[in-house]
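Examination of the molecular architecture
Each chain is listed here by its residues.
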Amino acid sequence: MLSRVADSLYWLSRYLERAEHTTRLTSVYFDLILDQSSRMGGDRYQRLLKNIHATEYQNLPFDEETTISLLVLDRKNPWSVVSSINQARENARQVREQISSELWMQINQLYLMMSPPYDAWENQPQMLMQQLIQHLYLIGGIADATMSHNEGWQFMQLGRYSERANSILRLVDIHFEAVIGRPPQAEDHMDWIALLKSCTAFEAYCNVYTADLTPARIAEFLLLNAEFPHSLHFSINMMRQALKQIAIITQSHRNQELNRRAGRLQSVLQFSQIDEVLADGLHDFLKGIQQQSQAIHDTVYQVYITFPVVEELPI
Amino acid sequence: MAHIPLPPPFNHYKLEQQFYDEMFTPDATPRPPYAALYQRLLTMSAQDLDRYQQAADASFLHQGITFTVYGNEAGTEKIFPYDLLPRIITQAEWTIIETGLTQRIMALNLFLHDVYHEGKILAEGVVPVDLVFSCRHFRREMRGVDVPGGIYVSVVGSDLVRLEDGRFAVLEDNLRVPSGVSYMLANRQVMKRIFPNFFSGYGVQPTNQYGQNLLATLKALAPNQSADPVVVLLTPGVFNSAYYEHTFLARQMGIELVEGRDLLVHNNFVYMRTTRGLQRVDVIYRRLDDDFLDPLAFRHDSILGVSGLFNAYRAGNVSLANAIGTGVADDKALYAYVPKIIQYYLNEEPILPNIETYLLEDDAQRQHVLANLEHLVVKAVGESGGYGMLIGPHSTAVERAEFKERIEANPRNYIAQPTLSLSRAPCFIDGEVDARHVDLRPYILYGKEIKIVPGGLTRVALKRGSLVVNSSQGGGSKDTWVLYE
């Protein structure tokens, strides 16, 4: 597969994952503020902005209309949902012949739905967000069901789960720092529910631990559970699996370093215990994982995408 | 002229006797191949047609079958307007088109080989030397270069028009990088989906073998008779107006769609950069003009091409379709000599006629043209896509004065032709069926042999009375049916 194509497929699914995450966060936020007392609003809004890399907007009013236009519809905000969708579609267009027609048509339809005018949505932000998430789930399902699970699909898996791992890291880090760091409040449990819902994890959590919400269990579930698709451990497992498949398919002889890094990261998540992690400092733990995951991304590029040509030329 | 009233949805349809009508004879009876379609349409209301039209448009939009309009910042991606009603060609008519184009392409290919080798046709004065050497698309670098199988033009799209008397004539040969074949195929696909009941029982010859034919054509060009050559399609990239077509063809053939930055040349071999490392490339179907192919050989500022590609090509290590320098044979001034070229190489009379063409370097012809600009069409010889054209009867005095100046400054750069009365076909426009001018672009492949899929792209000038069918100038297209015997 062309290196450029692998690059586009990787980013195509990263952007789709990003669009889904931003939409879900915004949707959970709208849900949360319906029940909140006036003094909580500012904090939650700042956390939302921080999560989606939009802190430059922190001085704008945080009413529903501004929020939705900034985080969902604003083309100038590179992290907005519509920007992610446009980027995903642009990447899809560049590899149009490598993805199935079904997948392309669904991405294109989502793009068309998010092209102006969107008057229909102005008064129904939650409906818009539900539609978006459904579209994005559909795209994920179509990709899995209509594409060969070949090299290209593996690069898409890699992109999807790299993005997801990063989003979870950031979400948990920002949340714990803000909520654990402040004096306990009556509304705390709502923030914890919101955190779980931001990872579609509330029901799955309850199935494991009942509705008894404790920070340590929540951290354990979101970070170390190996079975839940929106956990960090699960995401890293999937990344590792995709990398293994890619190495097999490409018969790569340059991937030892990559294999070592991915294996080490996976082991950290497999053998860590949440009480130790919390005792040693959650922030540092997450920061370490973030750095390792960045290193994996860089190594993928060195091995498959931007490798020096000289090494490969026939003598 | 007597207006013969037709039943709805044809009640606004105007037959004008100076144009050949594809569907109706001059006394307003449907021609035999159209009779069944006509009867079927009479059972439909404008609302029905409108519904079908919307379904078709949505299908194109959702599939992202779009093209890019240059020089238009907002909304640069547009769907290519699709007309619901098919254009029908009989097997007898098709046989003439097929044999005529085969003859023409064969002769033009021999001509290209000749001008880049001995130049006999020039030495004998059949075609003026100046005309060839002054052509912007003549590539001196190609002299003495042998191309695989002697095939210069592998992929051709020739523009045909139907004259008043119903004969087809060649308006233009596109021998460089003709586009539009994906629309021919997409139109058929949409037609089958929207109007399955129109289609069944009509006996329409299929077109969807084009992808396989194109791949076979490209493989036939492989250097060293390699059994399983690596074929790629080289695109200028996602910003090119025909990008959709490039992705479509690559998918149809199952080959890699590459950009210049994916390729590199080492020791006169071409490689592409893949996740497995470097892979050799044998045949490049390039959808990039000569100028941009190799910054070392041609335009130095090109960032779309591949440095060293021309040397690899000249060394015979990679094949290009089409060859470099084919533009000299589709120059609009050289066009006037094609009938002579056919006679010279094949010793045959041209099966498809040319359109009468005035060469403006000739004093007498130029004087005649300048005196009659308001009746003629003037075209710049190197342009395509309907740019750089003056349509006399639709022009203003200012435009004519401007063209007069341009012609006098550079007569070699222009030709003139009589204003054509392109044939007209029924189209569904703004809720009614009306007549619009159409042309026909069949797609010719030349590998081991010459193959033409039965059909082509029928382009439609959607503006009432307009003669310009180019997609960049407000043209649309319709499905083209070639019937079995």
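Residues numbered from 1 in each chain as written. Chains lettered and ligands numbered in written order. Predicted model: local features only at pLDDT ≥ 70, side-chain atom pairs only at ≥ 80, totals over all residues. Heavy atoms only, no water.

What follows is about the overall build of chain A. Summing up its helical and strand segments, chain A has 14 helices and zero strands in all. Each helix and strand of chain A, placed in order from N terminus to C terminus, yields the pattern α-α-α-α-α-α-α-α-α-α-α-α-α-α. What you see for chain A is a C-alpha radius of gyration of 20 Å, in line with the 20 Å of a compact globule of 315 residues. If one aligns the C-alpha atoms of chain A with their principal axes, the spans along those axes are about 70 × 50 × 35 Å. Carbon together with sulfur atoms contributes 51% to the accessible area of chain A, which is approximately 13700 Å² in total. Here chain A carries 26 positive and 36 negative side-chain charges, and the mean point of each set is 4 Å from the other. (Helix = DSSP H or I, 4+ residues; strand = E, 2+ residues; numbered from the N terminus. Rg over C-alpha atoms; globule rule 2.2 N^0.38 Å. Areas by Shrake-Rupley, 256 points an atom, 1.4 Å probe, with all protein chains shown as cover. Lys, Arg positive; Asp, Glu negative; His and termini not counted. Charge placed at Lys NZ, Arg CZ, Asp CG, Glu CD.)

Looking now at the overall build of chain B. Across its full length, chain B carries 14 helices and 22 strands. Taking the principal axes of the C-alpha coordinates as reference, chain B spans close to 70 × 60 × 45 Å. Looking at chain B alone, contacts between residues at least 24 apart form 68% of all its contacts between residues at least 6 apart. In chain B, the 45 positive side-chain charges and the 55 negative ones have mean positions that sit 4 Å from each other. (Contact = heavy atoms within 4.5 Å.)

Across all of its chains, the model carries 32 aromatic pairs over all chains by this definition. When the ring of tyrosine 183 of chain B is compared with that of tyrosine 244 of chain B, the centres are 6.3 Å apart and the planes differ by 40°; the resulting orientation is tilted. Taken together, the residues span a long stretch of sequence, with tyrosine 183 of chain B in helix 6 (residues 181-194) and tyrosine 244 of chain B in helix 9 (residues 243-253) at a distance of 61 residues. Looking at tyrosine 244 of chain B, the relative accessible area reads 6%, which means it is buried. These aromatic residues form a ring-pair network of at least three members: Tyr10, Trp11, Tyr15 and Tyr301 of chain A. Stacked on the ring of phenylalanine 307 of chain A, the Lys or Arg arginine 273 of chain B has its end atom at 4.7 Å from the ring centre. Directly above the ring of phenylalanine 403 of chain B sits arginine 406 of chain B, whose terminal nitrogen or CZ lies 4.5 Å from the centroid. (Phe/Tyr/Trp six-rings, centres within 6.5 Å; stacked < 30°, edge-to-face > 60°. Buried < 20%, exposed > 50% of the residue type's maximum accessible area, 1.4 Å probe, protein only. Lys NZ or Arg CZ within 6 Å of the ring centre and 35° of its normal.)

This part is about the domain arrangement of chain A. Residue and element names in this part refer to chain A. Domain parsing of chain A yields domain 1 (1-147) and domain 2 (151-315). Between the C-alpha centres of domain 1 and domain 2 the distance comes to 21 Å. Counting residues at the interface gives 36 residues for domain 1, matched by 37 residues for domain 2. Summed over both sides, the interface between domain 1 and domain 2 buries roughly 3300 Å², with carbon and sulfur atoms accounting for 55% of that surface. Its largest share of buried area at the contact with domain 2, domain 1 owes to Tyr10, Glu17 and Arg47, together 20% of the area lost on that side. (Domains from an automatic or database assignment. Buried area = accessible area lost by both parts, 1.4 Å probe.)

A word on the sheet that holds strand 6 (residues 231-234) of chain B. All names here are of chain B. With parallel pairing, the four strands of this open sheet are ordered in space as 7-6-11-12. For this open sheet the edge positions go to strand 7 (256-258) and strand 12 (319-321), each flanked by a neighbour on one side alone. Across the sheet, the mean angle separating the axes of adjacent strands is 30° when strand polarity is ignored. In the sheet, strand 11 (residues 283-286) pairs with strand 12 via three bridges, with the strands oriented parallel. Looking across to strand 12, one finds that isoleucine 284 is bridged to leucine 320. In the packing of helix 8 (residues 210-219) onto the sheet, the strands contacted are strand 6, strand 11 and strand 12, and the crossing angle to strand 11 comes to about 130°. (Pairing = 2+ DSSP bridges. Axes fitted to C-alpha atoms, helices over the stretch in contact; angles between N-to-C directions.)

Quick look at a negative patch on the surface now. Residues and elements named next belong to chain A. A cluster of acidic residues, Asp275, Glu276, Asp280 and Asp284, forms a negative patch on the protein surface. With three residues, helix 13 (residues 274-280) is the largest single contributor of residues to the negative patch. Examined against the element boundaries, aspartate 280 turns out to sit in helix 13. Residue aspartate 280 is classed as exposed on the basis of its relative accessible area of 63%. (Patch = residues over 30% accessible without salt bridge, like charges linked within 9 Å, V, L, I, M, F, W, Y side chains within 5 Å. Salt bridge = Lys/Arg side-chain N within 4 Å of Asp/Glu carboxyl O.)

Moving on, we come to the pattern of salt bridges. For the structure on display, the rule yields 43 salt bridges over all chains. Across the pair aspartate 301 of chain B and arginine 299 of chain B runs a salt bridge whose closest N-O atoms are separated by 3.1 Å. One network of salt bridges, with partners in common, ties together Arg44, Arg47, Arg182, Glu187, Asp188 and Asp191 of chain A.

What follows concerns the packing of helix 7 (residues 151-180) of chain A against helix 8 (residues 188-198) of chain A. The angle between the axes and the distance between the axes are what describe a pair of packed helices. Residue and element names in this part refer to chain A. Direction vectors running N to C along helix 7 and helix 8 enclose 180°, while the axes themselves pass 11 Å from each other. Classed by the angle they form, the pair helix 7 and helix 8 counts as roughly antiparallel. Side by side, helix 7 and helix 8 meet where Leu171, His175, Phe176, Val179 and Ile180 of the first sit next to Asp188, Asp191, Trp192, Leu195 and Ser198 of the second. Residue classes in the contact of helix 7 with helix 8 are distributed as six nonpolar, two polar and two charged. (Parallel < 35°, antiparallel > 145°, perpendicular 65-115°, else oblique. Nonpolar A, V, L, I, M, F, W, Y, C, P; charged D, E, K, R; others polar.)

With that out of the way, let us pick up helix 11 (residues 232-250) of chain A. Residues and elements named next belong to chain A. Along its 19 residues, helix 11 runs 27 Å from first to last C-alpha, staying within 8% of the 27 Å computed at 1.5 Å per residue. One side-chain oxygen of the residue at the start of helix 11 lies 3.5 Å from the amide nitrogen of histidine 233, identifying that residue as serine 231. Residue glutamine 251 follows helix 11 closely and has a positive phi angle near 50°. (Expected span 1.5 Å × (residues − 1). Polar contact = N/O pair within 3.5 Å; in protein donor to acceptor, adjacent residues only side chain to side chain.)

Here we take up the environment of tyrosine 13 of chain B. All names here are of chain B. Turning to its location among the elements, tyrosine 13 is positioned in the segment before helix 1 (35-42). A residue is classified by how much of its surface remains accessible, and tyrosine 13, at 1% relative accessible area, is buried. Counting along the chain gives 419 residues from tyrosine 13 to glutamate 432, while the straight-line C-alpha distance between them is 8.3 Å. Looking at tyrosine 13, its side chain comes within polar contact range of the side chain of aspartate 21, at 2.7 Å.

Attention shifts here to the nonpolar core. Core analysis: the largest hydrophobic core is formed by 240 residues, its most contacted members being Val72 and Met114 of chain A together with Phe111, Val127, Tyr210 and Ile284 of chain B. Sort the elements by how many residues they give to this core and helix 7 of chain A lands first, with 12 residues. Excluding its chain neighbours within four sequence positions, the residues that come into contact with isoleucine 284 of chain B are Val232, Leu234, Leu263, Val270, Leu309, Val318, Ser319, Leu320 and Ala321 of chain B. (Core = buried A, V, L, I, M, F, W, Y, C linked by side-chain atoms within 4.5 Å.)

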